[in-house]
Amino acid sequence: MSHIDLRHITKRFGSFTAIENVDFRAEKGRIHALVGENGAGKTTLMRVLFGALQPDEGEVHIGSEAVRLQSSSDAIARGIGMVNQHDSVIPALPAWRNLILGAEDGPWLNQAAVIERAEALAKPLGFEFDWTAPAATMSPGATQKLEILKLLWRNAETMILDEPTAMLSPADAEGLYGTLRQLAEGGKTIIVVTHRLPEVLEGCDEVTVLRGGKLIESRPVAGLTAPQLAEAIVGRSVEAPELTPPNLGEENLVVENLTLGHSLRDVSFSLRAGELVGLAGVDGNGQRELLRSIMGVLRPDRGTIRLQGLNVTKASTRARLGAGLRLIAEDRYQEAMIASWPLVENAALGQHLRPPFARNGRRDLAATRVAAQAMAERFRTKFVSLDQPIGGLSGGNQQRFIAGRALADGGGVVLAFQPARGLDLAGIDDVYGALRAHTRAGGCALVVSFDLDELLAHCDRIITISHGELRVPAPEQARDREAIGRMMLGEEA
Amino acid sequence: MSGRARVALVLVVVALALGPLFLTPVPPSEWVPELWGSSFGEPRGWALTLRELTPLLIGGVAVWLALRAGLFNIGAEGQMLVGACATGAVALAPAFPGQLVIAIAAGVLAGALWALPAGALRTFRGGHEVISCIMLNQLAFLLTGWLVKGPMKDPNAGGATTKMLDESLRWAPIAKFGRAELDWALPLGLALMVGLWYWRKHRVGGYELEAVGTNATAARFAGIPAEMVQFRAFAMSGGLAGLAGALLVVADQNRFYDGMTSGKGFDSLGVALLAGANPLALAPSALLFAALNAATTGMNQIGIPKGLSGLMLGGLILLFASASQRKDNAHE
Amino acid sequence: MSEFATFFTNTLSLAVPLVLAGFGGLLSERSGVMNIALEGKLLVGACAAAVVGALTGNPYLGMVAALVASTVLSLAHAELTQRYRMDHIVAGMALNLIAIGATNYVSKLEQFSQTLSGVVRVPQAVLASIIVVLIAVVMAVILRGRGGLHLWAVGEDPVKARLVGLNPVAIRYLALLGTGLFCGLGGTWIMANASGFTDGMTAGRGFIALAALVLVGWRPLPLLAACLVFGAVQSLQLVFQGVPIMGTVWPSEVWAAMPYAVTLLALAGFAGSTKPPAGLGVQ
């Protein structure tokens, strides 16, 4: 009998089914990995187990007893604890106060007693803390350890860790798995949500693979090879459509040795006029920082960026936009548009200083309307009036408008962050079709997507990023789905 | 916010503004006509309202400018006071050519300089402009108070005031309607407002200001130097508040005295909040605040304490703020 | 020696309202509610103490009225910022306007202005003991209590605080209740040292307290120290009235300006640490 037994779990958000009829079991004393690509349903499933989400169908059994978890407090009462991807440690508070926050045993805090019990929990695991120093001074690894102690403080028997190594150095990650092994040997049930294959193969006992919200397989790790696992995660390749070869021209964007903290490490690549390049990788591996550095919104520590032959490493975002750089930004509401503004005002954003939007500092409202109309029609944005706030459109229609804006004036270098997000199939084809047309007309584009199949289907070539390191597949592997899949998961090709 | 909560707020504000009137021995048959007469109903009311209107309008323009850039210029009171004081100082110096223009320019400059530390702290240090503005306001009260009790004081006057300006340095009224005087400051204020409206609608500078104030991140991605835009807007806001103070001296009071702005800078925040996104709404908004101030001044003379204006204006600000909050939430 | 004793007692007396308003502000801002309305809350307290004390002839009823009046204003602040999700600055400014207006109105009403001449005062010793006990208790809760931990957590990051099971909105209401009580006591103290209620008699003490709070980076023990120092500065102002220092008689405004000037310098990074609670002003 498994300690944790989820049966036939289905969870829908509106018309979207996040997980469908998924079974999941985990034993005491074992480390269980839950793997899959972004959007595979891993976190949703674990939030069901943690009581943060209620399933539409299916049952949750804990210790062979059927339970209904109405909230996280129910789950905590049943000995379930979860460490979220984003930590819950408050930097301004000392470690010992963070440890007990929300689980104090009385109206007065006894620092000495807390630290004594905390030490008793920490020592067997080999953890050492400066309990009285603010958590802000702790390394990401130490923060992670504190999160685990928080679960132990609350007497958790089952511990769920969502992407626990995302922020950790390789050495810290290794140490973490040592700790988890020790906890498992002490009788705890450990569940790790991850997308990093080496961790699964080296650190875990069991593995469950989800893809597209469905259970693919659940099996012991022993005897499993990396290629087998990668294949299970990304699935069999679909036949990529025939792409016309690009007519390559000048190098329009050259990035050399770009380094930014731990996010980007010596990233070098170039885009030539005429090509559409896909940047494959799992979310959070440096894509965001790379695009922001190229835009000039983030300042890299070192490296150079050349745009159409000009060194723009030190140039302002405004100057880069003037030199023909365009962005289809990731976060529509924060970065790409001003939600409360009408479409017509959003149309000018970024190019508002230049014709047709303005001349000599004076705005040309008539020309702006004409341009806005064209942007909206480019990808068939559904709207009532150019004067309606863009925030009132559906996400897909917002994205159509924004893509229309970025591709409005041809030429130039387009950076696109998940441009197809929120679009239906026709919309996806529209956007990639436009990006292709843009490149075939002499422009170039770099597309970030977490969906490898989407990139394989539409891009001329693919580069990968993992842990801030950019890699270019060897020519013979340029369209090898599994090889690229392994590269983006941090494996050797 | 639910509809019921909103109704409750309206009721509380109405009770705050009108309830106190029934605590006085003055019967409604007296205060109702006075309320109307001293604001719009009679020429003397118009005279009072017009006098109150100009500084509130220009102050409103000042605060509005900063507000659209996403900054609270709660320091308008201090900037206005320092502006008035600087104008008074230059205007009372021995005569020299162009004195009037330079006096007004000094007021504008002083207001801008008084806003500068708050703008710089916000832009370069991330310090909240409201905290530094509160400190700067207090410093402005103390500095101008000391000046007008000491070096700038009219030795022949009992109170803390300067001498009257020379006739040649006063702005003569353009027109007189009975006791109501219309001076050049009001048309200037209206021109500023219309200018701001034009700038906002037709110049890229106005577009960038609005972008930064609405969504600074999106503005940065669109290549707009958000910090610089905010810094400039704040300095200009201070300069305009200084202008409001300067005109108070040359066009209205013709002297500087201790605490002469008497909360007009704070009222300007209410004027700007009420006007919302449209600068042309600053005029009716300032008129409402001016009329309320005039009405309570008039009612003070028949025995209703002046504090009523604070209750009314504070209540109004709460109502507008809750209404605009609703609009913002609608986008989420 | 007696001169020193006078200076010492003056300092304490002048520092008390700063300490009370300062701790009121600490509770509010540590919970995440930006509070520029301390001045108004002090003023309302002083006025209520004067009016009710004079009307009933009982200074303790006056004190109760002060506590109630300040608390009502403070809970209104909580209501506006938490339920109506109003901007903390706008709400605070409007409440200050209302406080100035209401106190002027009430104190100038004919039926009260007569009686107001008959001031009754809570004996300082009684008031002082209440204040000492209260500050000690609150200090203990903040530094060593569960309540203080929750207050800190909510003000630093309401989202994370919710994750560990706290209720940020409820904690903020409680914090603002405390702010009201402190400011009510502060108003009572100011009245107990005055000859009657006058407009704006709090004379910026709420803003000095805010300055102290910012200056010390929102920390309780340094806050106590800063309020005492600011009280001493005000007291020195009395000592050096008309007495030349370094050959000049410094105007009283120079002394009065010190707290604000020092705080501005601190904000500019030239003194102290002014790191605010990370969640201050966040809904």
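Please read all numbers here as calculations on a predicted model, not as lab measurements.

1. Overview of the overall build of chain B
Within chain B, the secondary structure is distributed over 13 helices and two strands. The C-alpha radius of gyration of chain B comes to 20 Å, within 12% of the 20 Å expected for a compact globule of 332 residues. Considering only residue pairs separated by 6 or more positions, chain B has 73% of its internal contacts joining residues 24 or more positions apart. Here chain B has roughly 12800 Å² of accessible surface; of this, 66% comes from carbon and sulfur atoms.

2. A closer look at the overall build of chain A
Counting its secondary structure elements, chain A contains 17 helices and 22 strands. Against the 2.2 N^0.38 benchmark of 23 Å for 493 residues, chain A shows a C-alpha radius of gyration of 25 Å, consistent with a compact globule. Summarising its shape, the C-alpha atoms of chain A cover approximately 70 × 50 × 45 Å along the three principal directions. Split into buried and exposed, the 493 residues of chain A put 56% on the buried side. Look at the contacts in chain A between residues 6 or more apart in sequence, and 66% of them connect residues 24 or more apart.

3. Examining helix H9 (residues 287-295) of chain A
Within H9(A), the full set of buried residues consists of Gln287(A), Leu290(A), Leu291(A), Ser293(A), Ile294(A) and Met295(A). Gly296(A) sits one or two positions beyond H9(A) and adopts a positive phi of about 90°.

4. Description of the interface of chain C and chain B
In this complex, chain C contributes 39 residues to the contact, which on the side of chain B involves 47 residues. Regarding the contact of chain C and chain B, the summed buried area is about 3700 Å², with carbon and sulfur atoms giving 81% of it. Viewed at the interface, chain B and chain C are joined by one salt bridge. Summed over the shared surface of chain C and chain B, the number is five residue pairs in polar contact (both at pLDDT 80 or more). Those elements that place two or more of their residues in the side of chain C that touches chain B are helix H3 (59-83), helix H4 (88-108), helix H5 (110-115), helix H10 (205-215) and helix H12 (252-267) of chain C. Sort the elements by how many residues they give to the side of chain C that touches chain B and H4(C) lands first, with twelve residues. For the side of chain C that touches chain B, the class distribution of residues is 27 nonpolar, six polar and six charged.

5. Things to note about the nonpolar core
By size, the foremost hydrophobic cluster in this structure holds 324 residues, and its most contacted members are Trp131(A), Leu180(A), Leu253(A), Phe269(A), Leu290(A) and Leu415(A). Ranked by the residues each element gives to this core, the list is headed by helix H10 (residues 226-253) of chain B, at 14 residues. Dropping the residues within four chain positions of it, Trp131(A) is found in contact with Pro94(A), Ala95(A), Trp96(A), Leu99(A), Ile115(A), Ala118(A), Glu119(A), Ala122(A), Leu146(A) and Leu149(A).

6. Looking at empty space enclosed by the protein
Summed over the entire model, instances satisfying the criterion amount to four cavities of 30 Å³ or more. Taken as a whole, the largest cavity encloses approximately 60 Å³ of empty space. Every residue lining the largest cavity is listed: Arg288(A), Leu291(A), Arg292(A), Leu327(A), Ala329(A), Glu330(A), Glu335(A), Phe417(A) and Phe221(B). With three residues, the single largest contributor to the lining of the largest cavity is H9(A). Broken down by class, the residue content of the lining of the largest cavity amounts to five nonpolar, no polar and four charged.

7. Quick notes on H3(C)
Between its first and last C-alpha atoms H3(C) spans 35 Å; for 25 residues at 1.5 Å apiece the expected length is 36 Å, and the two agree. Capping the start of H3(C) is the job of one residue whose side-chain oxygen sits 2.8 Å from the backbone nitrogen of Tyr60(C): Asn58(C).

8. Examining the pattern of salt bridges
Enumeration according to the criterion identifies 34 salt bridges over all chains in this entry. A salt bridge links Arg369(A) to Asp387(A); its shortest N-O distance comes to 3.1 Å. On the criterion of sequence distance, the pair formed by Arg369(A) in helix H13 (residues 365-378) and Asp387(A) in the loop between H13 and helix H14 (395-406) is long-range, its members being 18 residues apart. Judged by its relative accessible area of 35%, Arg369(A) is partly exposed. The class of Asp387(A) is partly exposed, set by a relative accessible area of 45%. Here Glu167(B) and Arg170(B) are joined by a salt bridge, their closest N and O atoms 3.3 Å apart. Here Arg170(B) falls in the partly exposed class, since its relative accessible area comes to 23%. It is possible to trace a salt-bridge network through shared partners that takes in Asp5(A), Arg7(A) and Arg25(A).

9. Looking at the packing of aromatic side chains
Residues and elements named next belong to chain B. Taken as a whole and assessed by the stated rule, the structure comprises eleven aromatic pairs over all chains. For the ring pair Phe22 and Trp31, a centre distance of 5.8 Å and an interplane angle of 80° mean the geometry is edge-to-face. Geometrically, the ring pair formed by Phe124 and Phe231 is tilted, given 5.7 Å between the ring centres and 55° between the ring planes. With Phe124 in helix H5 (residues 99-125) and Phe231 in helix H10, the pair connects residues that are 107 residues apart, well separated along the chain. Under the relative-accessibility criterion, Phe124 is labelled exposed at 59%. Accessibility expressed as a relative area gives 17% for Phe231, which makes it buried.

10. Description of the confidence of the model for chain B
All names here are of chain B. Across chain B, pLDDT averages 89, with 97% of residues at or above 70. Counting interchain partners and residues more than four positions distant, the pLDDT-below-50 stretch residues 326-332 has four contacts. This prediction of the complex comes with two scores: 0.86 for pTM and 0.87 for ipTM.

11. Some remarks on the sheet that holds strand E6 (residues 80-83) of chain A
Residues and elements named next belong to chain A. Strand order in the open sheet formed by six strands is E6-E7-E8-E3-E9-E10, with mixed pairing between adjacent strands. The sheet is open, and its two edges are formed by E6 and strand E10 (214-220), each paired on a single side. This sheet shows a mean twist of 15° between the axes of neighbouring strands, independent of strand direction. Pairing geometry for E6 and strand E7 (residues 158-162), over four bridges, is parallel. From the neighbouring strand, Ile80 faces E7, where its bridge partner is Thr158. Set on the sheet, helix H8 (residues 226-234) makes contact with strand E3 (31-35), strand E9 (206-211) and E10; between it and E9 the angle comes to about 35°.

12. Regarding the packing of helix H4 (residues 111-122) of chain A against helix H5 (residues 140-153) of chain A
Residues and elements named next belong to chain A. Relative orientation of the contacting elements H4 and H5 amounts to 105°, with a least axis distance of 10 Å. Viewed along their axes, H4 and H5 adopt a mutual orientation that is roughly perpendicular. Here Val114, Arg117, Ala118, Leu121 and Ala122 of H4 come into contact with H5, specifically with Leu149, Leu152 and Trp153.

13. Some thoughts on the sheet that holds strand E5 (residues 65-67) of chain A
Residues and elements named next belong to chain A. Across the sheet, which stays open at both edges, the four strands sit in the order E2-E1-E4-E5 with antiparallel pairing between neighbours. A strand with exactly one partner marks an edge of an open sheet, and here the two such strands are strand E2 (16-26) and E5. This sheet shows a mean twist of 30° between the axes of neighbouring strands, independent of strand direction. One ladder, built from seven bridges, connects strand E1 (residues 4-13) with E2; its direction is antiparallel. Each residue of the ladder has a partner; that of Arg12, found in E2, is Thr17. Strand contacts of helix H1 (residues 42-49): E1, E2 and strand E4 (57-62), with the helix running at about 115° to E1, the strand carrying the most contacts.

14. Looking at a nonpolar patch on the surface
All names here are of chain B. Together, Val10, Val14, Leu18 and Phe22 give the surface a local cluster of nonpolar side chains, amounting to about 340 Å² of exposed area. Relative to the helices and strands, Phe22 resides in the loop between helix H1 (3-18) and helix H2 (28-41). Judged by relative accessible area, which is 56%, Phe22 ranks as exposed.

Each value, and the rule that gives it
- Once a new chain begins, its residue numbering starts again from 1 and follows that chain's sequence as written.
- Throughout, the order in which chains and ligands are written sets their labels, letters from A for the former and numbers from 1 for the latter.
- A pLDDT threshold of at least 70 governs which residues receive local features in this predicted model, and a stricter bar of 80 or more applies before side-chain atom pairs are shown or counted, although totals over entire chains, interfaces and linings include all residues.
- To get the side-chain values, take all heavy atoms of the structure and skip hydrogens and water.
- Runs of H or I in DSSP of at least four residues are treated as helices and runs of E of at least two as strands, each being numbered from the N terminus.
- With C-alpha atoms as the basis for the radius of gyration, the globule rule is written as 2.2 Å multiplied by the number of residues raised to the power 0.38.
- Residue contacts follow a heavy-atom distance rule, with two residues in contact if any of their heavy atoms lie within 4.5 Å.
- All accessible-area figures derive from a Shrake-Rupley calculation using a 1.4 Å probe, and residue coverage is judged against the displayed protein chains alone.
- Throughout, exposure labels follow a simple rule: accessible area from a 1.4 Å probe, protein chains only, divided by the maximum for the residue type, with under 20% read as buried, over 50% as exposed, and the rest as partly exposed.
- Put simply, buried area is how much 1.4 Å-probe accessible surface two parts lose in total, over both of them, once they are put together.
- Any Lys or Arg side-chain nitrogen found within 4 Å of a carboxyl oxygen on Asp or Glu counts as a salt bridge.
- Think of a polar contact as two N or O atoms within 3.5 Å of one another; within protein, one of them needs to be a possible hydrogen donor and the other a possible acceptor, and neighboring residues in sequence only count if both atoms come from side chains.
- Under this grouping Gly is polar, as are all residues other than the nonpolar Ala, Val, Leu, Ile, Met, Phe, Trp, Tyr, Cys and Pro and the charged Asp, Glu, Lys and Arg.
- Joining through side-chain atoms within 4.5 Å is the link that ties buried Ala, Val, Leu, Ile, Met, Phe, Trp, Tyr and Cys residues into a set, and such a set is a nonpolar core.
- Put simply, the grid is 1 Å and covers the protein atoms alone, a cavity is a trapped set of points that fit a 1.4 Å probe, a pocket is an open set with protein on both sides within 12 Å along at least five of seven lines, and lining residues have an atom within 4 Å of a point.
- Grid points are joined across faces, edges and corners, and a volume is the space filled by probe spheres set on the points.
- Expected span of a helix: the number of residues minus one, times 1.5 Å.
- Aromatic rings from Phe, Tyr and Trp, with only the six-membered ring used for Trp, were paired whenever their centres fell within 6.5 Å, and each pair was classed as stacked if the ring planes differed by under 30 degrees, edge-to-face if by over 60, and tilted otherwise.
- pLDDT is a residue-level measure of predictor confidence that goes from 0 to 100.
- For two strands to pair, DSSP has to find at least two bridges joining them.
- To obtain an axis, a line is fitted to C-alpha atoms, over the contacting stretch when the element is a helix, and the angle between two such axes runs from 0 to 180 degrees between their N-to-C directions.
- Reported orientations rely on four angle classes, namely roughly parallel under 35 degrees, roughly antiparallel over 145, roughly perpendicular from 65 to 115, and oblique for the rest.
- Exposure above 30% relative accessible area and the absence of a salt bridge qualify a residue for a patch, where like charges join within 9 Å and nonpolar side chains (Val, Leu, Ile, Met, Phe, Trp, Tyr) within 5 Å.

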